[in-house]
Each structure stands twice: as structure tokens, then as C-alpha cells.
Amino acid sequence: MPKESRVAPVLVSKEEWIRKENPPKGALEGHEYGYNCVSIRYSVDGIGEGPNMHVHPYDEVFHILEGRAEFTVGEKKFIAEEGAVVFGPANIPHTYKNVGPGRLDSLDIHLNSEWIQYDLPREGEDLSAPELS
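To start, this report covers the structure provided alongside it. (Residues numbered from 1 in each chain as written. Predicted model: local features only at pLDDT ≥ 70, side-chain atom pairs only at ≥ 80, totals over all residues. Heavy atoms only, no water.)

## A few points about the overall build of the protein
Thinking step 1. Tallying secondary structure elements over the protein gives one helix and ten strands in all.
Thinking step 2. Ordered by position in the sequence, the α and β elements of the protein form the string α-β-β-β-β-β-β-β-β-β-β.
Thinking step 3. Along the longest, intermediate and shortest principal axes, the C-alpha atoms of the protein span 50 × 35 × 30 Å.
Thinking step 4. Looking at the protein as a whole, 36% of its 133 residues qualify as buried.
Thinking step 5. Taking contacts inside the protein between residues at least 6 apart in sequence as the whole, the part at least 24 apart equals 65%.
Thinking step 6. For the protein, the accessible area works out to roughly 8,400 Å², and carbon and sulfur atoms hold 52% of it.
Thinking step 7. Distance from the positive charge centre (13 side chains) to the negative charge centre (23 side chains) of the protein: 4 Å. (Helix = DSSP H or I, 4+ residues; strand = E, 2+ residues; numbered from the N terminus. Buried < 20%, exposed > 50% of the residue type's maximum accessible area, 1.4 Å probe, protein only. Contact = heavy atoms within 4.5 Å. Areas by Shrake-Rupley, 256 points an atom, 1.4 Å probe, with all protein chains shown as cover. Lys, Arg positive; Asp, Glu negative; His and termini not counted. Charge placed at Lys NZ, Arg CZ, Asp CG, Glu CD.)

## A word on the sheet that holds strand 4 (residues 60–66)
Thinking step 1. If you walk across this open sheet you meet the five strands as 1-2-9-4-7, and the pairing is antiparallel. Each edge of the sheet is formed by a strand with only one pairing partner; in this case those strands are strand 1 (26–29) and strand 7 (85–88). For this sheet, the mean inter-axis angle between neighbouring strands, taken without regard to orientation, is 15°.
Thinking step 2. One ladder, built from four bridges, connects strand 1 with strand 2 (residues 38–44); its direction is antiparallel. By the bridge assignment for strand 2, Gly26 is matched with Arg41. (Pairing = 2+ DSSP bridges. Axes fitted to C-alpha atoms, helices over the stretch in contact; angles between N-to-C directions.)

## A word on the packing of aromatic side chains
Thinking step 1. In this structure the tally under the stated criterion is five aromatic pairs.
Thinking step 2. Measuring from centroid to centroid gives 5.0 Å for Phe62 and Phe71, while their planes differ by 70°, and the two rings are edge-to-face. There is no split in this pair, since Phe62 and Phe71 are both buried.
Thinking step 3. Pairing Phe71 with Phe78 gives two aromatic rings, centres 5.9 Å apart and planes at 10°, and the pair type is stacked.
Thinking step 4. The rings of Tyr42, Phe62, Phe71, Phe78 and Tyr96 are connected pair by pair, giving a single aromatic cluster. (Phe/Tyr/Trp six-rings, centres within 6.5 Å; stacked < 30°, edge-to-face > 60°.)

The structure is reproduced here in C-alpha cells:
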């Protein structure tokens, strides 16, 4: 017989974690419920929009719900289309941007109980975390 889980099933409604905006965005840290993951809903309408290049000290999984994204993960670049899953390894700088047409909507699962992110500078910016310099 498998060992019983130490956590209970949890239902978190959309209203509890997705902000009321268009396009939808939200973050849900699993540690609040005893789970070791963070769910991020990230959506952008503008072509070329996306997060700064950044690093996490844990692995991340991206599911493209709608649209197309150009990913840069370390030295690799590729296009992920609706339905695709991308695995991003820990401590590898990465980013993605909407390449259109239309909205990019993704669900990003961070394999850690809390969201930890170090943004890397865009041209002319300083680092967001001094320990990275």
C-alpha cells in the first residue's frame, strides 16, 4: 500500500489567485497549502512583450495555453506554440516573449514552495539582486 500523502486536496478558485485584469495574470505559492510548487499565470497581448531575462534556483515548467512564444534558455532559442510544454532547468538564465499573432497565455510551474527570481539587467539597467554582480 502506498504511503498516504501528508497534504490534503485543495481547490483554489480563479477569483482567489487570478487578478481581475485583461490579459489575466496571477501567482499562487503552493507552500500556503503544503505543496512544493508555485503556479504563475502569465499573459501578454503585445508582440515582443515578456519577462526580463531571469534565473530561478529551481526547475520550471511552462505550458503554452494560447499563442506562440520565443524562448531563450541559456544559449538555446526556439518557438513554443499553443499546447507545447517547455522545461527550464535551474540556474540557467531564460526569458520568453510573445511572437504573435495575438495573445500569449502561459501557465508556468515553479518546482519550489516559494517564488524566487533574480532578474538580469536589460541594456542600461542594474541587476535586481546585488549578490549576482
